Amino acid sequence: MQPLHHRLVSLLIDSLNNTQAAGDLPALDSPAAIALDRPKKPEWGNYSTPLALGLARSARLPPLEVASRLLKHLPPSELIAQATTSAPGFINLTLNPAWVAAQVEAILAAGPGFADFDLGGGAKAMVEFVSANPTGPLSVGRGRGGVIGDTVANLLAAAGYDVTREYYFNNAGKQMRDLAESLRLRYAQALGQEVEFPESYYQGEYLTDLGRRLASERGDSLAAAEWTAFKEIAESAMFDSIKGTLSRLRIYMDVFFNENSLYDDGSVWDVVRELRERGHAYDSEGAVWFKATAFGGTEDRVIVKSTGEPTYRLPDIAYHRNKLGRGFALVVDVLGADHKDAFPDVLRGVQALGLDPSGIQMLMNQFVTLKGEKMSTRAGRFTLLDELIDEVGADVVRFFMLMRSAESHLEFDLDLAKEQSEKNPVYYVQYAHTRIAGILRKAQAAGHTADGGDVSRLTHPGEQALIRKILELPDVIELALKDLAPHHLPYYAQELATIFHGFYRDCQVLPSENQPVDPATTKARLKLVSAAKIGLARALGLMGVSAPEMM
RNA sequence: GCCCCUGUAGCUCAAUGGACAGAGUGACGGUCUUCUAAACCGCAGGUUGCAGGUUCGAGUCCUGCCAGGGGCACCA
């Protein structure tokens, strides 16, 4: 179902063209975008636009005059019941209640695919997220990027993209060597040896546990083993842990991309060679520099150290070229605040290779605090994502991680999250869904069906408001994608739940002893609540939150 | 010192440059022999960090300050 505002904007564009063609407005440059708001006051209709306010100056006419001329040429439409102007120059559109009511059938026909629409045209899109190196279990902070990335992937799929979820990691380098040596020492300790454990090593308890397990399972057979043996054991254990945690949050990656493969296939060094050939890399002080300043950077960057080793920037550039080379029209990098400043250099690198970086977008998320405590993996003073899931469950973790805009700091309110009551917004939304499920169960038991229900009876303000709200979901999806702002989803879900609860209060569906309901009304309302159930379930599903039948 | 993000009700946060800045939570007061009260209704709460500017219109854009977070490596 196409976002509703597409259809309304298209009417306004027609109106603008018609008005100009009729000579009622001079020829003007069409505005780049036509804003459409949902006004607060009922007398301003369901949608309004400041279009005329923007045109007034170049048309040399009062805004209100522009608005009424536009209205005169607004093409007739089944969507619109009334179009008015209001000071200082707004155009207000009221949806046609008959059209609104009829959409219930369309929602029911769409079923679980309701709110899907074609924006991507089947183009390949990738969301790269989590991307933690396998040096430890996932922290709470990683959970935010994980949930955000997975939800953006869901949104892209709903909007007609062919989506790949990708996890980028590096299992070489100093980090992994430190991890291996840390494990070796923990293993030695578990065997009863007195060893000094350097502060720079990984302090986390998970390695102590793993060391003990090794000691009990393998005895001292690893005492003389190479560090690479410990690396393999640790890496495998850490990936098991990471994948396990992600699956508890219903996150499943399509691709685990190893940075090493970019060395194995030579593409890292190809980048250096090509940058040199294009004149965008040069040697200085024994290192190879990327001329980032030629692409708007504030300073040039070392890509190969004087030791001959690449810096992190080089494989990053090679990786992003690789992404584009795999045919992804859209690439979303979900990054933590600590990596966002490196992103522009990656784009410049890709551009320097002669590629178009415009399809690569960044979704930065700020850190998560839990009870005000800062988290640091290396110091081992962090709260594990697994512990948080144990505490509040996957639904609450997902919903809370999505609730704040990504660039805003997220203070995870554990007390509220643990609250299994009306205070918790997750349950508030889920409860609306179970209320509907309850009505449908009861209807079935009592022999009420929606068969032959006439949705044109759905004219009550509570009914109309509910339908209009359900119809907003495609618009919310599009907005969330345009701004890469998945937090619009939990807000929408809460609004939809609120409006449903209001409907529930005002509009009895099934007859009861003290509340008789016309059988035809029951049938029509059964259709409506089924449509509301579809909308709620879809909104929850996009967030990866379950939609329970009973609570 | 420079760059990026954030600063909005007591608290946690929304608000594509549009109309009188909204929710939740907390406080207070109501509504259950219910289509499940995990709900609903009412009431209270604001100089949108500060100072300028841009325009028909600024929480939103620009400049300068202040505060918090993140970065500014031949670390990732």
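What you see is a predicted model; the values in this text were computed from it and never measured.

Re the overall build of chain A
Right, so step 1: Helix and strand counts for chain A come out as 20 helices and 13 strands.
Right, so step 2: C-alpha atoms of chain A, sized along the principal axes, occupy 80 × 65 × 35 Å.
Right, so step 3: Expressed as a percentage of its 551 residues, the buried residues of chain A come to 52%.
Right, so step 4: When contacts within chain A are restricted to residue pairs at least 6 apart in sequence, those whose partners lie at least 24 apart make up 73%.
Right, so step 5: When the accessible surface of chain A is totalled, it reaches about 24,700 Å², and 49% of it is carbon and sulfur.
Right, so step 6: Computed over 56 positive and 69 negative side-chain charges, the inter-centroid distance for chain A is 3 Å.

Quick notes on the sheet that holds strand β1 (residues 47-49)
Right, so step 1: Across the sheet, which stays open at both edges, the three strands sit in the order β1-β3-β2 with antiparallel pairing between neighbours. Of all the strands in the sheet, just β1 and β2 (80-86) have a single pairing partner and so form its edges. With strand direction ignored, the average angle separating the axes of adjacent strands in the sheet is 20°.
Right, so step 2: Note that β1 and strand β3 (residues 90-95) share three bridges and pair antiparallel. Along β3, the bridge assignment pairs S48 with N92.

Some words on helix α1 (residues 4-21)
Right, so step 1: An ideal rise of 1.5 Å per residue puts 26 Å on 18 residues; α1 measures up with 26 Å between its terminal C-alpha atoms.
Right, so step 2: Taken residue by residue, α1 has L4, L8, V9, L11, L12, S15, L16, T19 and Q20 as its buried positions.
Right, so step 3: Backbone geometry just downstream of α1 places G23 in the positive-phi region, at approximately 80°.

What to know about helix α5 (residues 140-158)
The α-helix winds at 3.6 residues per turn, so residues separated by three or four positions along the chain end up facing the same way.
Right, so step 1: Its 19 residues give α5 an end-to-end C-alpha distance of 27 Å, which sits within 8% of 27 Å, the value for a rise of 1.5 Å per residue.
Right, so step 2: Where burial is concerned, most of α5 is hidden: 16 out of the 19 residues are buried.
Right, so step 3: G160 sits one or two residues past α5 and shows a positive phi near 90°.

Considering the sheet that holds strand β8 (residues 287-290)
Right, so step 1: If you trace the three strands from one edge of the open sheet to the other, you get β7-β8-β9, paired in antiparallel fashion. Pairing within the sheet leaves two strands with one partner each, and these edge strands are β7 (281-284) and β9 (301-304). The mean angle between the axes of side-by-side strands here comes to 45°, regardless of whether they run parallel or antiparallel.
Right, so step 2: Looking at chain direction, β7 and β8 are connected through four bridges and run antiparallel.

Description of the packing of helix α6 (residues 173-190) against helix α8 (residues 227-248)
Right, so step 1: The N-to-C vectors of α6 and α8 enclose an angle of 100°; their axes lie 8 Å apart at closest approach. Taken together, the axis directions place α6 and α8 in an arrangement best described as roughly perpendicular. In contact with M176, R177, L179, A180, E181, L183, R184 and Y187 of α6, α8 contributes W227, F230, K231, I233, A234, E235 and M238.
Right, so step 2: In the contact of α6 with α8, the residues fall into ten nonpolar, no polar and five charged.

Points about the pattern of salt bridges
Right, so step 1: In this structure the tally under the stated criterion is 35 salt bridges.
Right, so step 2: Here E166 ties to R326 by a salt bridge, and the two come within 2.8 Å at their closest N and O atoms. Taken together, the residues E166 in strand β5 (residues 162-169) and R326 in the loop between α11 (313-325) and β10 (330-336) connect sequence positions 160 residues apart.
Right, so step 3: For D209, the salt bridge identified is with R212, shortest N-O distance 3.4 Å. Separated by three residues within a single helix, D209 and R212 lie in helix α7 (residues 205-218), roughly one turn from each other.
Right, so step 4: A relative accessible area of 38% places D209 in the partly exposed class.
Right, so step 5: Taken together, the salt bridges that share partners define one network made up of E299, R301, R313, D345 and R348.

A short note on the packing of aromatic side chains
Right, so step 1: Per the stated rule, a full pass over the model turns up 15 aromatic pairs.
Right, so step 2: Ring centres of F257 and Y319 lie 4.9 Å apart, and the angle between their planes is 45°; on these two criteria the pair is classed as tilted. Taken together, the positions of F257 in strand β6 (residues 255-258) and Y319 in helix α11 put the pair 62 residues apart, joining distant regions of the chain.
Right, so step 3: On the numbers, 6.1 Å between centres and 50° between planes, the contact of F500 with Y504 is tilted. Here Y504 and F500 lie together in helix α19 (residues 488-506), a separation of four residues that amounts to about one turn.
Right, so step 4: With relative accessibility at 35%, the residue Y504 sits in the partly exposed group.
Right, so step 5: The ring of F256 carries K243 above its face, with NZ or CZ at 4.6 Å from the centroid.

Comments concerning unusual backbone geometry
Right, so step 1: Cis peptide bonds are those with omega within 30 degrees of zero, and the linkage from A87 to P88 qualifies with 0°.
Right, so step 2: Topologically, P88 is positioned in the loop between β2 and β3.
Right, so step 3: In this structure, S131 takes a positive phi of about 45° despite not being glycine.
Right, so step 4: Tracing the backbone shows S131 in the loop between β4 (124-128) and α5.
Right, so step 5: The exposure class assigned to S131 is buried, which follows from its relative accessible area of 17%.
Right, so step 6: Even without being a glycine, L484 presents a positive backbone phi close to 45°.
Right, so step 7: Note that L484 resides in the loop between α18 (473-482) and α19.
Right, so step 8: Residue class for L484 comes out buried when judged on its relative accessible area of 11%.

Quick word on the environment of L222
Right, so step 1: Position of L222 among the secondary structure elements: in the loop between α7 and α8.
Right, so step 2: According to the relative accessible area criterion, L222 is buried, its value standing at 7%.
Right, so step 3: The spatial distance from the C-alpha of L222 to the C-alpha of R184 is 8.8 Å, given a sequence separation of 38 residues.
Right, so step 4: Those residues in contact with L222 that lie beyond four places of it in its chain are Y187, L214, F230 and I233.

Conventions adopted
- Residues numbered from 1 in each chain as written.
- Chains lettered and ligands numbered in written order.
- Predicted model: local features only at pLDDT ≥ 70, side-chain atom pairs only at ≥ 80, totals over all residues.
- Heavy atoms only, no water.
- Helix = DSSP H or I, 4+ residues; strand = E, 2+ residues; numbered from the N terminus.
- Buried < 20%, exposed > 50% of the residue type's maximum accessible area, 1.4 Å probe, protein only.
- Contact = heavy atoms within 4.5 Å.
- Areas by Shrake-Rupley, 256 points an atom, 1.4 Å probe, with all protein chains shown as cover.
- Lys, Arg positive; Asp, Glu negative; His and termini not counted.
- Charge placed at Lys NZ, Arg CZ, Asp CG, Glu CD.
- Pairing = 2+ DSSP bridges.
- Axes fitted to C-alpha atoms, helices over the stretch in contact; angles between N-to-C directions.
- Expected span 1.5 Å × (residues − 1).
- Parallel < 35°, antiparallel > 145°, perpendicular 65-115°, else oblique.
- Nonpolar A, V, L, I, M, F, W, Y, C, P; charged D, E, K, R; others polar.
- Salt bridge = Lys/Arg side-chain N within 4 Å of Asp/Glu carboxyl O.
- Phe/Tyr/Trp six-rings, centres within 6.5 Å; stacked < 30°, edge-to-face > 60°.
- Lys NZ or Arg CZ within 6 Å of the ring centre and 35° of its normal.

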